[in-house]
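# Structure assessment
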Amino acid sequence: HNPVRVTAASTPAAAAAATAAGEIRHISTVPAAAGAAHRHPTLSVNQQVSQKVIMITSTEQDPGGEAQRLDRIVELLREAGHGRDERGRKRKGGAERKKVLVFTSTKVRCENLSRALQACSIAALRIHGDRPQAQRDSTLATFLKAGKGSVLVATDVAARGLHIDDIDLVVNYD
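Okay, so let's go over this structure. (Residues numbered from 1 in each chain as written. Predicted model: local features only at pLDDT ≥ 70, side-chain atom pairs only at ≥ 80, totals over all residues. Heavy atoms only, no water.)

We now examine the overall build of the chain. Counting secondary structure elements, the chain contains four helices and six strands. Taking contacts inside the chain between residues at least 6 apart in sequence as the whole, the part at least 24 apart equals 62%. About 9,900 Å² of surface is accessible on the chain, with carbon and sulfur atoms providing 51% of the total. (Helix = DSSP H or I, 4+ residues; strand = E, 2+ residues; numbered from the N terminus. Contact = heavy atoms within 4.5 Å. Areas by Shrake-Rupley, 256 points an atom, 1.4 Å probe, with all protein chains shown as cover.)

Printed below as a string of structure tokens:
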């Protein structure tokens, strides 16, 4: 079980900053292709985690790359067994779906992304500081149940202190 961590960023500097930020401190910001050991006092490469950086480019029609970013995460989640198949049917077999944690930097983006994923037929739970504690506890309990709500969108602040085993895919959305 080797988890994958994906960072979507518009520049290499943003990718490095997003990768180093947050509570997952054990992953290096050096692309795997670089082949060099990264020297940092608190970061080291975890050999059990594959890391991909996906560059998102701005266009005139999509200045912030938001549509491209959403398309890419939907594609990643469908590859992980979420959403509907190519014929529009609900995917069968909860065991095939991977457990996915998606980090956003703001509560608004967390809400908007979870709604956008739901509009794409991907069941996504959300957790952030504006939700009541009872609701956050219930959401987390649902996420932890096998085969239930296995996509969790969370602000990086709300996710601090959470310990979740067996995550297959971690995405830094911003």
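Right, let's talk about the pattern of salt bridges for a bit. Oppositely charged side chains may form a pair once their charged atoms are brought near each other. In the structure shown here, the tally under the stated rule is eight salt bridges. Close ionic contact of Arg109 with Glu66 constitutes a salt bridge, the shortest N to O distance being 2.5 Å. On the criterion of sequence distance, the pair formed by Arg109 in helix H3 (residues 107-119) and Glu66 in helix H2 (residues 66-79) is long-range, its members being 43 residues apart. With a relative accessible area of 24%, Arg109 lands in the partly exposed category. The class of Glu66 is partly exposed, set by a relative accessible area of 30%. Across the pair Arg115 and Glu111 runs a salt bridge, and its minimum N-O distance is 3.1 Å. In this pair, Arg115 and Glu111 both sit in helix H3, four residues apart, roughly one turn of the helix. Overall, Arg115 belongs to the partly exposed group, its relative accessible area being 48%. (Salt bridge = Lys/Arg side-chain N within 4 Å of Asp/Glu carboxyl O. Buried < 20%, exposed > 50% of the residue type's maximum accessible area, 1.4 Å probe, protein only.)

As a packed pair, H2 and H3 sit with axes 11 Å apart at the nearest point and diverge in direction by 55°. Overall, the two elements H2 and H3 adopt an arrangement that is oblique. In this structure, H2 crosses over H3, and the sense of that crossing is right-handed. Contacts between H2 and H3 involve Glu66, Leu70, Ile73, Val74 and Leu77 from the first element and Arg109, Leu113, Ala116 and Leu117 from the second. Classifying every residue of the contact of H2 with H3 by side-chain character gives seven nonpolar, no polar and two charged. (Axes fitted to C-alpha atoms, helices over the stretch in contact; angles between N-to-C directions. Parallel < 35°, antiparallel > 145°, perpendicular 65-115°, else oblique. Left-handed = near helix turned anticlockwise from the far one by under 90°. Nonpolar A, V, L, I, M, F, W, Y, C, P; charged D, E, K, R; others polar.)

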